[in-house]
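# Structural description and commentary
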Amino acid sequence: MTVAGIISAIIVGLVIGALGRLVVPGRQGMPIWLTIVVGIVAALIGTALAQAVGVAVTAGVDWIELVFQVGLAALGVALLTGVRGRSSV
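Rules used in this analysis
- Residues numbered from 1 in each chain as written.
- Predicted model: local features only at pLDDT ≥ 70, side-chain atom pairs only at ≥ 80, totals over all residues.
- Heavy atoms only, no water.
- Helix = DSSP H or I, 4+ residues; strand = E, 2+ residues; numbered from the N terminus.
- Buried < 20%, exposed > 50% of the residue type's maximum accessible area, 1.4 Å probe, protein only.
- Lys, Arg positive; Asp, Glu negative; His and termini not counted.
- Salt bridge = Lys/Arg side-chain N within 4 Å of Asp/Glu carboxyl O.
- Contact = heavy atoms within 4.5 Å.
- Core = buried A, V, L, I, M, F, W, Y, C linked by side-chain atoms within 4.5 Å.
- Patch = residues over 30% accessible without salt bridge, like charges linked within 9 Å, V, L, I, M, F, W, Y side chains within 5 Å.
- Areas by Shrake-Rupley, 256 points an atom, 1.4 Å probe, with all protein chains shown as cover.
- Expected span 1.5 Å × (residues − 1).
- Arc of directions from axis to C-beta.
- pLDDT = per-residue confidence, 0-100.

A word on the side chain of Glu65. Structurally, the position occupied by Glu65 is in helix H3 (residues 63-87). Look at Glu65: it is buried, it has no salt bridge, and the nearest opposite charge is Arg21 at 22 Å. Filtering out sequence-adjacent residues up to four positions away, Glu65 remains in contact with Gly46, Thr47, Ala50 and Ala56.

Formed by Val24, Met30, Leu34, Val38, Ala74 and Val77, the largest nonpolar core amounts to six residues. Counting only elements with at least two residues in this core, the list comes to helix H2 (32-53) and H3. Not counting residues up to four positions away in its chain, the partners in contact with Val77 are Gly20, Arg21, Val24, Gln28, Met30 and Val38. Counting five residues, the second-largest nonpolar core is a separate cluster that includes Ile16, Ala43, Val70 and Ala73.

Our focus in this paragraph is the side chain of Arg21. With respect to the helices, strands and loops of the structure, Arg21 is situated in helix H1 (residues 3-23). Once residues lying within four places of it in the same chain are set aside, the contact partners of Arg21 are Gln28, Met30, Pro31, Thr35 and Val77.

Moving on, we come to the environment of Leu22. Mapped onto the secondary structure, Leu22 falls in helix H1. Separated by eleven residues in sequence, Leu22 and Ile11 have C-alpha atoms that sit 17 Å apart.

This next bit is on a nonpolar patch on the surface. Together, Val3, Ile7, Ile11, Val15, Leu19 and Leu22 make up a nonpolar patch on the protein surface, roughly 570 Å² of accessible area in all. Along the chain, Val3 falls in helix H1.

Between its first and last C-alpha atoms H1 spans 30 Å; for 21 residues at 1.5 Å apiece the expected length is 30 Å, and the two agree. Every buried residue of H1 is listed here: Gly13, Ile16, Gly17, Gly20 and Arg21. The buried side chains of H1 occupy one side of the element, clustering within an arc of 140° when seen end-on. Exposed residues on H1 whose side chains face more than 90 degrees from its buried face are Ala4 and Leu22.

A separate point is the environment of Asp62. Its place among the elements puts Asp62 in the loop between H2 and H3. Looking at Asp62, the relative accessible area reads 22%, which means it is partly exposed. For Asp62, the contacting residues outside a window of four places in its chain are Ala56 and Val57.

In this section: the confidence of the model for the protein. Predicted confidence across the protein gives a mean pLDDT of 83, with 91% of residues reaching 70 or more. Within the protein, no element has a lower average pLDDT than H3, which sits at 82, and none a higher one than H2, at 88.

As structure tokens, then:
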């Protein structure tokens, strides 16, 4: 992977992770690096899921793929904030 690929993955992860945090109600006490990691993982799994369903490549913006990615990021944020919230009590 090139440096440009790594930087692109970080930027996409930040955007997808931030959108996932916006979808989850309430305040999340997650650091930004964890949001990026959740976003990168959600983007990779969401793309693989979209390819498996057959909607990864469409004309224009891949809205269905984006919904998969943001939904998975929201799920990841919700799971991590729930796990971290319970462990600190």
